[in-house]
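Structural characterization, general
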Amino acid sequence: MLERIDEAMAPVLESKLQPLLGARAPIERPRLMLPAEILGGRIKAVVVAAPAGYGKSTLMAQWFESLQGERAPGVSSAWLNLDENDNDPLRLLRYLIAALRVAIPDLGRDATLDFQAPSTTEALLDAIGARLAGVDSKIVLFMDDAHVLRDRQALGIIEWLVRYAADNLRFVIGGRHAPRVGISQLRLRGELAEVDQSALAFTSAEAAAFWAQRRLAPLDGCTQSALLEKTEGWAAAIELLALALSDAPDTAQLIADFSGTNREVVEYLGEVVFGRLATQQHEHIYRLAQFDRFCADLAAQVCGPDVAAGLLDELQRRRLFLIPLDRQGQWFRFHHLVRDYLRRQVPPRLATAMRESLLAGGHWFQAQGFSDDAIDCAVRAREWDLACRWLAACVDGKVPRGRSGANLSRWIPLIPRDQINRYPQIRISYMILLAYFQQRELLERELADFDALIEAWQRSSDKDPTLIDTMRSAVTLQKLMWRGLRDECQGMLPQVQAWLEHCRSAYPRGAGDALSLAAYAAKTAGEIDLGLEYSRRAQKVNELDGFGVSRGMLLASLLWLKRGDYRAAQAVTEGALRLVAERLNGHPEQAAHHHGVLAAIHYELDETTLAGQELESELAAVDATGIADVLILLYLTRARLQFLRGDRDAGIEALRLGRALGVRRDLPRVTITLAGEECIWNCRFGEQAAAFELARQFGFDRTDAVIENMQADRSARAGARVALAKAPEVALVRLAPALRRSERKGFHYRRVELLILQAMALVACNREAEAADAWRTALQLGEQYGYRRVFFDDADIVANLSHALKGHKAVPRPVWLRTKPKAVVADTEEVLTRKELRILKHLESGRSNREIAESLFISESTLKWHLHNLYRKLACKNRTGALSAARHKGIL
């Protein structure tokens, strides 16, 4: 979970966001200056790659210092030290945001970057990219130890930033090897500078300067040459050698004695340096080396209070590769080379003592709220039960928010499965995480495995039946939730109701999710009142969880829309957006879903300008995580606005984009509904052949389907419309059952759609009296609920009905139907949205459509929809025209 960073995390945060320099001042290396082109030229990134101990961090820290204050006006810099825990993508994003806020203080006032719930990395990066695009100053982001990143998503985050973030963001990346983050593309484009092992190796002059800084006796020419030859300019070996020579009787002999690989050099010099320490002191150093970071309190916990303070002072005095992690000198770590050496050198007789130190340190970390550190200690000590207990405490919400929550994806593979099975709530939480991030294959494997585990428990006599009931209830709910996320809710309502009746007491924490799912299933079943009641109960159960309330309100608005009460849906949706702004810091994914719904509402109420503004919100997250209903509303509204602007091709393309997304995400209802809409618009455009072919392809021309399914629903609306021109009697047959159901269920908007078609079919069959009744009812419902576009979009049918039935006095002619409907008129002075400005800058950089789409986490087809809007606002037809118009207007 991406959480705010509170005071308890301040020491960790400080160690992440500043260079880690030792107590000594580094020697100056004028030949290795920060390339000037990274500030004012085409260089996008500098990569500093070399094995451990070559001075990468020191060099980067010198560069970082050179950009501070007045030394680099107009340039802001940020630093991020990476570690193994940053393979959790959301944790990595949290620290990236914190680092960027150091460079750009205004970001600290941007509440939308305080994400407090699971969110896709794409949505978060899109939000970060949007904020960076609005920053004028040059920003240089330093990232050290990038080689620790192995997770595909974590690497993808850095690659996206390097390849697609705003051009004012530049990078200096250090690591033991060049990270796989789009470096090759930068190299090909001449946008990369590289500093490797050969460049970092000490020259003779630098070795002499280092020797003088350590106040060691100067070396003669032969000895210095031997030093450089033996070490190959390796800074760590020279540093260790300096320590070893500090009281060695024969400098030349010591230099002559060591040789071999880097590891062998470290082993040899390590024995020389650390072998001089007292035995007891040596043991305490071994204890501290078990931890990736430590402070005086932790040292006191594992070494004893009488030892800790003096030990840290002694290590700093001797300069034994102890690196401070904060400016106050409270937190430290050993250099990676020395830490790894000390861990390898622990004598067998001390193995038990090291394990005890890890456990003592783990308990200390857990007490401070640093769960990942605590679990790491327990795992390395192979105390599986303790690791699971701490992990379970995290997923149970017992760890205070804002502290270092455990990364389930990291720990679950490291802990034996039979141990994790003793804490099934860990596995339940893992399944929830997999479901949210749409990891279908992993989730279904976990569900099957957990089913097998429960079956095994049932055959065992030593398992608590209550626990079995709880876990069976939990996994049953997870299966139902997964069906809901896949939009497979047909016939599911009785199952969810059975769960609420029989399983809720066994697994009460699932009540909020189950009630929300019941509301969604009730909507699918057409039980609107029941669904609204479930939604209300879900919001009440989740009242302390803003995200749960937001989801409940989204379901309520969808239920009101299905009933056809657009004003009620509007009130709920606007309330939900206020809640997201006030309680969830404008969480982009939550807001995007509500904006998508509100756009559809504004469109139907003929508030088309407002509809367009809602669609210009950051809605990329909906494509990735949106439920079927929101996707349908979003793509319908996009298409309808394009049709209203007179751009038929753009409207059809928008519908096909949505259909393709439905196929990609395996959401058939999205695909079928948007195909039906395309069929309807083809009819409106008089393209009967295309409409008929689409109807045949999707089965809208069939009459043998059960009325409740999707094909039958679209058959009534799309299929009947196709039949209207040549076979109005067939259209009436198809409309009849759908009309009965919409009246019985109280689906007012759908009923109006069907009544308009029925009235036209009746006129075509010379049954004008019945047509007048249908038309009158449609107009009354339209007046009552404020429907407008359902009439205006069928302007030809409405005109024909008005003309054919004008002699029927009982048929009203509302004022709003006599006035000209509102149109969306292209305005060359329309303000470009933030996303359109980003697209424009990408166009200026010469990126291809594919690259721009990747940078915005959208498909190329969705990008085309944005380009249509951009070209319309700039009154142009292509990229060249857009860039020319933007420069003329001073936008670029």
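Now for a quick tour of the structure. (Residues numbered from 1 in each chain as written. Predicted model: local features only at pLDDT ≥ 70, side-chain atom pairs only at ≥ 80, totals over all residues. Heavy atoms only, no water.)

With respect to the overall build of the chain
Per the secondary structure count, the chain includes 48 helices and 8 strands. In the chain, the share of contacts with a sequence separation of at least 24, taken over all contacts with a separation of at least 6, comes to 71%. About 37,100 Å² of surface is accessible on the chain, with carbon and sulfur atoms providing 50% of the total. (Helix = DSSP H or I, 4+ residues; strand = E, 2+ residues; numbered from the N terminus. Contact = heavy atoms within 4.5 Å. Areas by Shrake-Rupley, 256 points an atom, 1.4 Å probe, with all protein chains shown as cover.)

Considering the nonpolar core
One broad trend across soluble globular proteins is that nonpolar side chains are buried collectively. Counting 186 residues, the largest nonpolar core has Leu288, Phe334, Trp775 and Phe791 as its most contacted members. Ranked by the residues each element gives to this core, the list is headed by helix α34 (residues 628–644), at 12 residues. Those residues in contact with tryptophan 775 that lie beyond four places of it in its chain are Ile756, Ala759, Phe791, Val798, Leu801, Ser802, Leu805, Val811 and Leu817. (Core = buried A, V, L, I, M, F, W, Y, C linked by side-chain atoms within 4.5 Å. Buried < 20%, exposed > 50% of the residue type's maximum accessible area, 1.4 Å probe, protein only.)

Here we look at the side chain of threonine 637
Here threonine 637 is to be found in helix α34. Other than its neighbours up to four places away in sequence, threonine 637 contacts Ala599, Ala600, Tyr603 and Leu615.

Points about helix α43 (residues 795–804)
Among the residues making up α43, those that are buried are Ile797, Val798, Leu801 and Ser802. Along the long axis of α43, the arc covered by the buried residues comes to 130°, so they all point the same way. Seen from the open side of α43, the exposed residues pointing more than 90 degrees away from its buried face are Asp796 and His803. (Arc of directions from axis to C-beta.)

Regarding the pattern of salt bridges
Within the structure shown, the criterion is met by 53 salt bridges. Here arginine 669 makes a salt bridge to aspartate 629, at a shortest N to O gap of 2.8 Å. Residue arginine 669 is located in helix α36 (residues 668–684), and its partner aspartate 629 is located in helix α34; the two are separated by 40 residues in the primary sequence. The pair formed by arginine 669 and aspartate 629 is uniform in burial state, with each residue classed as buried. The residue aspartate 649 makes a salt bridge to arginine 648 at a minimum N-O spacing of 3.1 Å. Overall, arginine 648 belongs to the partly exposed group, its relative accessible area being 25%. Ionic contacts of the salt-bridge type, sharing partners, join the residues Arg440, Glu444, Arg486, Glu488 and Asp666 into one network. (Salt bridge = Lys/Arg side-chain N within 4 Å of Asp/Glu carboxyl O.)

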